[in-house]
Amino acid sequence: MIDSHCHIDEEAYEQDRDEMLQRQKDGGIEAIVIPGVNARSIDGIFAICRRWRGFCYPVLGLHPQDVADDWQEQLRILHEAMLGHTGDDPDIGERIVAIGEIGLDYHYTRDYDEAQHEAFRTQLRWAQELDLPVIIHSRDATADCLSIVREAIVNPSIINRPLRGVIHCFSGSAEVAQEWLKMGMYLGIGGVLTFKNSRLAENLAHVPPERILLETDGPYLAPTPHRGERNEPLLMQFVVMRLAEIYNCTPEEVIEVTSANSRNLFRLPTF
Ligand SMILES: [Zn+2]
């Protein structure tokens, strides 16, 4: 299994991070992608990925919830770090495998809508310029998120590259799922799939497994029967079992397809 989205750098893992990561590796996790949320997360993420080279992979970006008065300064710092960790120079150390998590979040405040849009558009353009995929966070903002991504695809930046990416923690309708698939996006699926009141399983009926990435969003959103606990990549086995039921296949087949999807999107080395 590959965890395409786990906040390993967060406080919740501080006490036992190395031990926890070793347990994931021993248990069969192949790789973990660590998304960034702001400029302050840069050093912590690179430190973990340096220590766990070939297992943890870094991603940088400004999360919409972290768009506040200083967003332009945060973007400047993040862009500099992105430029320093991409390209062919063998001495650059850790290479980022995506830009994220970026997007729109109207859940807590609407005070920064304009800034969120601008930060999102800017980072989508950087992804196209740097030929990196994006990890998209969309909460209570589906219509605007679809239209900003569509605009980036129809009207790509100076460099005419397609936009590749994943809709992290997808929980929308069947119709919205199809809109994302039409744009070539993957859907990130995690613990929510196992929640009792979730309609996600039926909404995935017409989403082929070839478009799904496994994720935890750890430390959050642990699947049933561990709901409410700290999430860890190995708990994705409960999501895998549910996907196997939905697709009427074996858990091994779910793992094989979703791991290939993550490797393909993030261009991870084959193991
Ligand atoms: Zn996240």
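Everything in this summary refers to the structure shown in the same document. Source: prediction; values computed, not measured.

Right, let's talk about the overall build of the protein chain for a bit. Each helix and strand counted, the protein chain has 9 helices and 8 strands in total. Seen along its three principal axes, the alpha-carbon backbone of the protein chain occupies a region of about 45 × 40 × 35 Å. Within the span of the protein chain, comprising 271 residues, buried residues form 55% of the whole. A separation of at least 24 residues holds for 73% of the contacts in the protein chain among residues at least 6 apart in sequence. Summing over all exposed atoms, the protein chain offers an accessible surface of approximately 12,300 Å²; the carbon and sulfur share of this is 48%. Seen as two clouds, the 25 positive and the 43 negative side-chain charges of the protein chain have centres 3 Å apart.

Scanning the model with the defined rule gives 1 aromatic pair in all. Between Trp52 and Phe55 the ring centres are 5.9 Å apart and the planes differ by 50 degrees, which places this aromatic pair in the tilted class. Among the residues examined, Trp52 registers a relative accessible area of 10% and is labelled buried. Under the relative-accessibility criterion, Phe55 is labelled buried at 1%. Above the ring of Phe55, the side-chain terminus of Lys25 is found at 5.5 Å from the ring centroid.

Right, let's talk about the coordination of the zinc ion for a bit. Surrounding the zinc ion are the protein donor atoms His5 (NE2), His7 (NE2), Glu101 (OE) and Asp217 (OD), at 2.1 to 2.5 Å. Its 4 donor atoms give the zinc ion angles of 87 to 177 degrees at the centre, a pattern that matches the irregular case. Linear spacing of the donor residues for the zinc ion on their chain is H-x1-H-x93-E-x115-D. Both residues of the pair, His5 and His7, count as buried.

Definitions and limits used
Residues numbered from 1 in each chain as written. Predicted model: local features only at pLDDT ≥ 70, side-chain atom pairs only at ≥ 80, totals over all residues. Heavy atoms only, no water. Helix = DSSP H or I, 4+ residues; strand = E, 2+ residues; numbered from the N terminus. Buried < 20%, exposed > 50% of the residue type's maximum accessible area, 1.4 Å probe, protein only. Contact = heavy atoms within 4.5 Å. Areas by Shrake-Rupley, 256 points an atom, 1.4 Å probe, with all protein chains shown as cover. Lys, Arg positive; Asp, Glu negative; His and termini not counted. Charge placed at Lys NZ, Arg CZ, Asp CG, Glu CD. Phe/Tyr/Trp six-rings, centres within 6.5 Å; stacked < 30°, edge-to-face > 60°. Lys NZ or Arg CZ within 6 Å of the ring centre and 35° of its normal. Donors = N, O, S within 2.8 Å, 3.2 Å for Na, K, Ca; no water. Tetrahedral: all angles 85-135°; square planar, octahedral: opposite > 155°, others 65-115°.

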